[in-house]
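# Observations on chain architecture
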Amino acid sequence: MFCYKYPHPAVTTDCVVFGINGGKVNVLLIERGGEPFKGCWAFPGGFMNIDETAEQGVVRELNEETGLEADWLREFGTFTTVDRDPRERVITIAFYTLTHKTDVQGGDDAARAQWFPLDEVPALAFDHDAMLQRALQQLKKDLQFDSDLFHGLDNTLVNEFKKHLLC
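So, a few notes on the structure that sits alongside this text.

The rules we used
- Residues numbered from 1 in each chain as written.
- Predicted model: local features only at pLDDT ≥ 70, side-chain atom pairs only at ≥ 80, totals over all residues.
- Heavy atoms only, no water.
- Core = buried A, V, L, I, M, F, W, Y, C linked by side-chain atoms within 4.5 Å.
- Buried < 20%, exposed > 50% of the residue type's maximum accessible area, 1.4 Å probe, protein only.
- Helix = DSSP H or I, 4+ residues; strand = E, 2+ residues; numbered from the N terminus.
- Arc of directions from axis to C-beta.
- Polar contact = N/O pair within 3.5 Å; in protein donor to acceptor, adjacent residues only side chain to side chain.
- Phe/Tyr/Trp six-rings, centres within 6.5 Å; stacked < 30°, edge-to-face > 60°.
- Lys NZ or Arg CZ within 6 Å of the ring centre and 35° of its normal.
- Axes fitted to C-alpha atoms, helices over the stretch in contact; angles between N-to-C directions.
- Parallel < 35°, antiparallel > 145°, perpendicular 65-115°, else oblique.
- Left-handed = near helix turned anticlockwise from the far one by under 90°.
- Contact = heavy atoms within 4.5 Å.
- Pairing = 2+ DSSP bridges.

## As for the nonpolar core
Nonpolar side chains in soluble globular proteins generally cluster together in the buried interior. Grouped together as the largest cluster of nonpolar side chains are 28 residues, with contacts concentrated most on Val16, Phe18, Tyr96, Leu98, Leu139, Phe150 and Phe161. Within the residue set of this core, elements represented by two or more residues are strand E1 (10-21), strand E2 (24-32), strand E5 (74-79), strand E6 (90-100), helix H2 (128-145) and helix H3 (155-165). By size, the runner-up hydrophobic cluster in this structure holds 14 residues, among which are Ile30, Leu62, Phe95 and Ala110.

## Quick notes on H3
Those residues of H3 not exposed but buried are Leu157, Val158, Phe161 and Leu165. Projection of H3 onto a plane perpendicular to its axis shows the buried side chains occupying an angular sector of 100°, all on one side. Exposed residues pointing more than 90 degrees away from the buried face of H3 are listed as Asn155 and Lys163. N-cap assignment for H3: the residue whose side-chain oxygen lies 3.2 Å from the backbone N of Thr156 is Asp154.

## A closer look at the packing of aromatic side chains
One pass over the full model with this rule turns up 7 aromatic pairs. Between Phe76 and Tyr96 the ring centres are 6.3 Å apart and the planes differ by 40°, which places this aromatic pair in the tilted class. In this pair, Phe76 sits in strand E5 while Tyr96 sits in strand E6, placing the two residues 20 residues apart along the sequence. The class for Tyr96 is buried, based on a relative accessible area of 0%. Over the ring of Phe79 we find Arg134; its NZ or CZ atom is 4.2 Å from the centre of that ring.

## Considerations on the packing of H2 against H3
Close contact between H2 and H3 brings their axes to 10 Å; oriented N to C, the two are set at 110°. One finds that H2 runs roughly perpendicular with respect to H3. Helix-helix and strand crossings are classified by hand; for H2 and H3 the assignment is left-handed. Each of Leu136, Leu139, Lys140 and Leu143 in H2 lies in contact with H3, whose residues at this interface are Val158, Phe161, Lys162 and Leu165.

## Comments concerning the pairing of E1
Two faces belong to every sheet, and in a regular strand the side chains alternate between them. Of all 12 residues that make up E1, 10 are buried, and the element is covered over most of its length. Direction of pairing for E1 relative to strand E4 (residues 45-47): antiparallel, over a ladder of 3 bridges. Within E4, the residue paired with Thr13 across the bridge is Gly46. Strand direction decides the pairing type here: E1 and E2, joined by 5 bridges, are antiparallel. Looking across to E2, one finds that Val17 is bridged to Leu28. If you look at the hairpin formed by E1 and E2, you'll find 2 residues sitting between the two strands, and Gly22 has a positive phi there, around 60°.

Structure follows, in structure tokens:
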């Protein structure tokens, strides 16, 4: 085994899930079932396993915490603020995905999962408020300038997001 002089940060993945239903854009949040931030709202996510990619980790965490399967993901940022997680030094790789709003259920370490309209999102744990703003900014940019990016998604779904976010 190798012995390293420098400590290693932990790596997590988080997923901002945008859902649309009846012309209203929503975001999926989980209520944290454990500390830190027990009882607070956050994005589905968690620590990567040593044998998985960031994409595999975010898909697994999303499914474990909400029951959703992600068929399409867009990586939009890496969050590295030194004190973003009070447990230890944690770097997160953030993704967003688009879906029709469907039934969800909290699982694993999520006490519950719930959709919130964009204009009714509560204060979020960790640095997830900033993460939401960056995800929304990137989504709008992608919808406006990079339609090829959404290859594989239902065109009706993409057009609904365009209609309601690019007004």
